[in-house]
Amino acid sequence: MDPLIYILDIIVFVGIFAIVALSLNLEYGFAGLGNFGKVAFFLTGAYTYALLSQIGLPFFLCLIIAALISASIGFLISLSALRLREDYLAIVTLTFGEILRLVVKAEHWIAGGVWGITMPSAISWAGASPRMMAAANIGLVYFCLILGFILVQLVSNSPYGRVLRAIREDETAAEALGKDRFKYKAQAFMLGSGLAGLGGGLFAQYLRFIDPYMFLPTVTFSVWIMVIIGGPANNWGALLGATLVELFSRGTRILKDYLLVPIDPNNLQYILFGLLIVFILLYRPQGLLKESQVKTKALEVISRWKKHS
Amino acid sequence: MGERLPLVIYFLSMVNWAQVLFNSSVTGCIYLISAVGLTLTYGLSKFPNFAHAEFMTLGAYAGYFLADQLGLGFPSAFVAAFIASGILGALSYRGIFQPLAKRGASLIHLMVAAIGLGFVIRHFVGELWGWSPRSFKVTWSAFDIGIVRVSDLWLWLIFAALAMAGLMHLLLTKTKIGKAIRGTSSNPELALASGVNINRVTLVTWLVGAALAGIAGLFRGAGTRLSPMLGWDILLPTFAVTILGGIGSFYGAIAAAFIIGLAENIGVVFLTSFGISTEYRMAIAFLILIITLILRPGGLARMFR
Amino acid sequence: MLIAENIDAGYGDVVIVHNVSIKVGKGETIAIVGPNGSGKSTLIKSLLGFACLFRGRVFYQGKEITGITPDRAVALGISYVPQLNNVFVNLTVAENLEMGAYIRKDGTVKADIAEIYRLFPELEARRGTWAGNLSGGERQMLAIARGMMTNPKVILLDEPLASLSPKSTSLILSKIEKIRDSGTAIVIIEQNVKKALDSSQRSYVLVDGTCVLEGDSHSILSDETARRRYLGLKA
Ligand SMILES: Nc1ncnc2c1ncn2[C@@H]1O[C@H](COP(=O)(O)OP(=O)(O)OP(=O)(O)O)[C@@H](O)[C@H]1O
Ligand SMILES: [Mg+2]
């Protein structure tokens, strides 16, 4: 394989997963929500994109609708799920991801079931070489990433973002917000789901083929590693985490190709990922980069916010 | 749907309900054995251990290793599953979850660590035994009791579940450590004030719970096939049982296991009669889980303690 | 018996109790009174390791036990009955008592349970009931009984009379008196000042985490200024 294409391919994947990592960072890092079914929203985005592009919608519309549909599913879930205890939320979101995968797997009429679904190339022009195609994809993905990053950065550094953090830090103090507490959480969840959907759309767009086996819980887990390695509540950390995890997973595959280690690279990758996350949680639970802002006392933030609004 | 209705009714009238009932109790027995450990460790350590799935998987493969690969016969598989998973559970608690809790890890961190541990074990099993499914060499003889077709594996399973329930009942109500397990799970502070060594009690619970998970995995593997996803495939119903029964409640889990076993088997009958994929079997447990969380987050525990 | 000197205590890095000293002798009942949130529970909890002890020293039977953990405190003979959640709701009455005797290895547990049932016949009648199904008064009795089962030399009771009917209150008070008569030192936290002072020999009044008054219960009760200023009682 063309080594340049290989590198470009890595860059595209880093970009796509950076978007998903940012979305989880918004939910978990800033709002403290343990969404263990991230893959469900990634899947929603990917399948929405695939189905829409098959009926011939232009790619940017497909992407936008993918994000919107994902966001609305996030909203529906948040209506009931966000009132649940942390551990229940984790169990519910995790199993929701599995159920959704089950649906696209079992219902052949939706998108080919286990056989998956192919879609036309969104970005193509006469005489485009694979390298140029990859470069164009990078352009698209990073355009979305930058937009997403700016959005998340704006949200998290606004007074609004500080309220989110206050809710995360201190549930009792946040009770001063009353019912609004759920509203904030739901908004964060919706926005996060939308971003994850966008990532899924880009994923489908880039690969031009998806099947249910691409949406195993491993996806969710990888994204969690990205956020925790990078440092929750730090958007740069999410980018760093996405880069590291993607490089790491490529690294284990290269190891197989060049060093002939007698262990299956896929197994090796996830064994190392698992060990890595356990070690990080034990020895550096705050991740590589620190939280992007000084913590303020939850109650203060809330009371100031209430006075404001 | 309209033209299908007579077909559905015909189908339902042909169903051998005694068989469905028997199958339900078989399903319930597996879920019971797998959920006991989960509900007890969840009650004591206060987080859902997603790696419980892999405790089951490892048990199944450890049994397979001894029984088939070393050729020691199927009964030896029980010993292997019990010991291997039990040790794994104790090590997981001592090596990962207890230190994490001591460092004040958040609930979410504990859950992420559990998922991480699960990945390590699952892929380790995948590396050792490969990802393609395997089956036990033993064949189970099937025979009819009245109109119900049973296999001796299922009779063994029912026997094992009953024995386990009986022994656990004795452990939890008649022994000091058993009472301490129940007491600590509902009121750790008071247990401490009574002089209970909470760490030791929790360790014993993890050991026993994981060992039972290994047995559940073994039965699952013997009844279907072995794959590194074996435990993950029944983790959702196991969680549903745990939550419907009430976290930490052994007796609640017994009731819940059979309720979910029944719901799944009846559900499958209806799914097939309506021509819907039986893969949705899993969704039935999910549905019960969600309904429990919305209507009665404490589960059945209040009725059973 | 139990002496605490210059205690600063709280949770995390918040100091709630400032420089409080208390002591209780053998066969004595002392009361710690004060308004809501004044730090009474925090003070007691810090002695046993349930809350942070930032400064001060704790002595028990002449030996220093500063910074002890709860389970070791029980083993030494210091029993603690929490204010809330003071029974195992998912255990039966009998099992709750057995849990109280968890650390004991002597062969007299059975006899002690019989003894407890003599003191609390109400509990014997309900020995097989889940503690979660008891009435408020029965529950409070069980909590104290469980505390007694550790065979303590000192028992710390955190608001044993809270939210009880007048009838249960006097019942519990009489039980506490009996316990004292058996030689056990008692530290009782109470919001109901009158009852607490009536049933104790010495008292400490806590306000905002500091001890504003201490001394003989009777003289405090009869002291005009104390009644008005700290106890909220009519002169
Ligand atoms: N676990 C805890 N963590 C942090 N702060 C606490 C905790 N428990 C109590 N507090 C705070 O410590 C202060 C004193 O509480 P404490 O329970 O000691 O008061 P108290 O005198 O026992 O009151 P009450 O009569 O209501 O029982 C209160 O402001 C309370 O909010
Ligand atoms: Mg108190």
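As a reminder, the structure under discussion sits directly above these lines.
(A) Fine view of the interface of chain B and chain C. The interface is formed by 22 residues belonging to chain B together with 24 residues belonging to chain C. Both faces considered, chain B and chain C share a buried interface measuring about 2,100 Å² in area, 59% of it formed by carbon and sulfur atoms. Here chain B is connected to chain C by two salt bridges. One salt bridge in this structure joins C:Glu95 and B:Arg182, with 2.9 Å as the shortest N-O distance. Here chain B and chain C share eight residue pairs in polar contact (both at pLDDT 80 or more) between them. Looking at the side of chain B that touches chain C, the elements that each hand over two or more residues are helix H7 (176-186), helix H8 (188-193) and helix H14 (301-304) of chain B. Per-element tally for the side of chain B that touches chain C: the top contributor is H7(B), with seven residues.

(B) Here's a closer look at the state of the cysteines. Residue and element names in this part refer to chain A. Tallied over the entire structure, the rule returns zero disulfides over all chains. Cys-62 provides the cysteine sulfur closest to Cys-144, a residue in no disulfide bond, and the two sulfurs are 12 Å apart. Since its relative accessible area comes to 8%, Cys-144 is described here as buried.

(C) Representation of the packing of aromatic side chains. All told, the structure shown has 36 aromatic pairs over all chains when counted by the stated rule. Aromatic pair A:Tyr28 and A:Trp224: ring centres 4.7 Å apart, planes at 50°, arrangement tilted. Note that A:Tyr28 is positioned in helix H1 (residues 3-30) and A:Trp224 in helix H10 (residues 217-230), a separation of 196 residues in sequence. Here the two residues A:Tyr28 and A:Trp224 agree in accessibility, since each one is buried. With centroids separated by 5.7 Å and ring planes inclined at 25°, the aromatic side chains of B:Tyr93 and B:Trp206 adopt a geometry described as stacked. One end of the pair, B:Tyr93, is in helix H4 (residues 74-102); the other, B:Trp206, is in helix H9 (residues 198-223), with 113 residues separating them in the sequence. Both residues of the pair, B:Tyr93 and B:Trp206, count as buried. Ring pairs connect the aromatic residues A:Phe13, A:Phe17, A:Phe42, A:Tyr47, A:Phe203, A:Tyr206 and A:Phe215, which therefore count as one cluster.

(D) Focus on the coordination of the magnesium ion (ligand 2). Around the magnesium ion (ligand 2), the protein supplies C:Ser41 (OG) and C:Gln83 (OE1) as donor atoms, at distances of 1.8 to 2.1 Å. With C:Ser41 in helix H1 (residues 40-48) and C:Gln83 in the loop between strand S6 (78-81) and helix H3 (93-100), the pair connects residues that are 42 residues apart, well separated along the chain.

(E) Seen up close, the packing of H10(A) against helix H5 (residues 107-129) of chain B. In contact at an axis separation of 11 Å, H10(A) and H5(B) are set at 125° when each is read in the N-to-C sense. By the angle class used here, H10(A) and H5(B) are oblique. Of the two elements, H10(A) crosses H5(B), and the hand of that crossing is left-handed. Residues A:Pro217, A:Thr218, A:Phe221, A:Trp224 and A:Ile228 of H10(A) lie in contact with H5(B), whose contacting residues are B:Ile108, B:His109, B:Val112, B:Ile115, B:Gly116 and B:Phe119. Across the contact of H10(A) with H5(B), the residue classes tally to eight nonpolar, three polar and no charged.

(F) Spatial organisation of the nonpolar core. In terms of nonpolar packing, the biggest core is built from 202 residues, with A:Phe36, A:Leu202, A:Ile210, A:Phe215, B:Ile33, B:Phe50 and B:Phe97 touching the most fellow members. When residues in this core are grouped by element, the largest group, 14 residues, is from H1(A). The residues contacting A:Phe215, other than those within four sequence positions of it, are A:Val39, A:Phe42, A:Leu43, A:Ala46, A:Tyr47, A:Arg101, A:Phe203 and A:Ile210. C:Ile116, C:Leu119, C:Leu157 and C:Leu197 belong to the second-largest nonpolar core, a separate cluster that totals 42 residues.

(G) Focus on empty space enclosed by the protein. Tallied over the entire structure, the rule returns four cavities of 30 Å³ or more. A volume near 70 Å³ is recorded for the largest cavity. Those elements giving two or more residues to the lining of the largest cavity turn out to be H10 of chain A together with H5 of chain B. Considering each element in turn, the lining of the largest cavity owes the most residues, four residues, to H10(A). Looking at the lining of the largest cavity, its residues break down into nine nonpolar, one polar and no charged. Surrounding the second largest cavity, C:Thr29, C:Leu173, C:Ile176, C:Glu177, C:Arg180, C:Ile188 and C:Ser199 form its lining. Per element, the largest residue contribution to the lining of the second largest cavity is four residues, and it comes from helix H7 (residues 166-181) of chain C. Here the residues of the lining of the second largest cavity are counted per class, giving three nonpolar, two polar and two charged.

(H) How the structure looks around unusual backbone geometry. Residue and element names in this part refer to chain A. Phi at Arg-208 is positive, roughly 60°, even though this residue is not glycine. Structurally, the position occupied by Arg-208 is in the loop between helix H9 (180-207) and strand S2 (209-210). With a relative accessible area of 36%, Arg-208 lands in the partly exposed category.

(I) Representation of the pairing of strand S1 (residues 142-145) of chain B in the model. Summarising the sheet, S1(B) and strand S2 (residues 148-151) of chain B pair through four bridges and their orientation is antiparallel. Across the sheet, residue B:Asp144 finds its bridge partner in S2(B), namely B:Arg149.

(J) Focus on the side chain of C:Thr29. With respect to the element layout, C:Thr29 can be found in strand S3 (residues 29-33). Discounting residues that sit within four places of it in the chain, C:Thr29 has contacts with C:Arg180, C:Ile186, C:Ile188, C:Ser199, C:Ser200, C:Gln201 and C:Arg202.

(K) Layout of the interface of chain A and chain B. Contacts between the two partners involve 43 residues from chain A and, on the opposite side, 39 residues from chain B. Summing both sides of the interface, chain A and chain B together bury roughly 3,700 Å²; the carbon and sulfur share of this comes to 77%. The partner of A:Lys105 in a salt bridge is B:Glu279, with the nearest N and O atoms 3.9 Å apart. At the junction of chain A and chain B, the tally comes to seven residue pairs in polar contact (both at pLDDT 80 or more).

(L) Molecular detail of the sheet that holds strand S2 (residues 14-24) of chain C. Residues and elements named next belong to chain C. Strand order in this open sheet of four strands is S2-S1-S4-S5, and the pairing throughout is antiparallel. Two strands in the sheet have a free side with no partner beyond their single neighbour: S2 and strand S5 (63-64). Pairing analysis gives seven bridges linking strand S1 (residues 2-11) to strand S4 (residues 52-60), with the strands arranged antiparallel. Each bridged residue has a counterpart across the sheet, and for Gly-10 the counterpart in S4 is Cys-52. Relative to S1, H1 is tilted by about 110°, and along the sheet it contacts S1, S2 and S4.

(M) Geometry of the packing of helix H1 (residues 5-14) of chain B against helix H12 (residues 250-273) of chain B. All names here are of chain B. Close contact between H1 and H12 brings their axes to 9 Å; oriented N to C, the two are set at 145°. Handedness of the H1/H12 crossing: right-handed. Only Val-269, Phe-270, Thr-272 and Ser-273 of H12 make contact with H1, whose side of the interface consists of Val-8, Phe-11 and Leu-12. Here the contact of H1 with H12 is built from residues that sort into five nonpolar, two polar and no charged.

(N) Spatial organisation of the arrangement of the chains. Counting contacts across all two pairs of chains that touch, the top-ranked interface belongs to chains A and B. Contact between chain A and chain C is absent, and the minimum C-alpha spacing across the pair is 13 Å.

(O) Expanded view of H4(B). Residues and elements named next belong to chain B. Between the first and last C-alpha of H4 there are 41 Å, a value that for 29 residues agrees with the 42 Å anticipated at 1.5 Å per step. Along its length, H4 shows its largest kink, about 40°, at Tyr-93. Immediately downstream of H4, the backbone of Gly-104 shows phi near 75°, a positive value.

(P) Local environment of the sheet that holds strand S7 (residues 154-158) of chain C. All names here are of chain C. The mixed open sheet is built from six strands, whose spatial order is S6-S7-S8-S3-S9-S10. Of all the strands in the sheet, just S6 and strand S10 (210-216) have a single pairing partner and so form its edges. Recorded for the sheet is a direction-independent mean angle of 15° between the axes of neighbouring strands. When S3 meets strand S9 (residues 202-207), the two strands line up parallel, connected through four bridges. By the bridge assignment for S9, Ile-32 is matched with Tyr-204. Packed onto the sheet, H1 meets S3, S6, S7, strand S8 (185-190) and S9 and runs at close to 145° relative to S8. Strands in contact with H7 are S3, S7 and S8; relative to S8, the strand with the most contacts, it is inclined by about 155°.

How each quantity is defined
- Residues numbered from 1 in each chain as written.
- Chains lettered and ligands numbered in written order.
- Predicted model: local features only at pLDDT ≥ 70, side-chain atom pairs only at ≥ 80, totals over all residues.
- Heavy atoms only, no water.
- Contact = heavy atoms within 4.5 Å.
- Buried area = accessible area lost by both parts, 1.4 Å probe.
- Salt bridge = Lys/Arg side-chain N within 4 Å of Asp/Glu carboxyl O.
- Polar contact = N/O pair within 3.5 Å; in protein donor to acceptor, adjacent residues only side chain to side chain.
- Helix = DSSP H or I, 4+ residues; strand = E, 2+ residues; numbered from the N terminus.
- Disulfide = S-S within 2.5 Å.
- Buried < 20%, exposed > 50% of the residue type's maximum accessible area, 1.4 Å probe, protein only.
- Phe/Tyr/Trp six-rings, centres within 6.5 Å; stacked < 30°, edge-to-face > 60°.
- Donors = N, O, S within 2.8 Å, 3.2 Å for Na, K, Ca; no water.
- Axes fitted to C-alpha atoms, helices over the stretch in contact; angles between N-to-C directions.
- Parallel < 35°, antiparallel > 145°, perpendicular 65-115°, else oblique.
- Left-handed = near helix turned anticlockwise from the far one by under 90°.
- Nonpolar A, V, L, I, M, F, W, Y, C, P; charged D, E, K, R; others polar.
- Core = buried A, V, L, I, M, F, W, Y, C linked by side-chain atoms within 4.5 Å.
- 1 Å grid on protein atoms, 1.4 Å probe; cavity = no way out; pocket = protein on both sides within 12 Å on 5 of 7 lines; lining within 4 Å.
- Points joined across faces, edges and corners; volume = space filled by probe spheres on them.
- Pairing = 2+ DSSP bridges.
- Expected span 1.5 Å × (residues − 1).
- Bend = angle between axes of the 7 residues up to and from the residue.

Taken by themselves, the reported measurements are silent on function.
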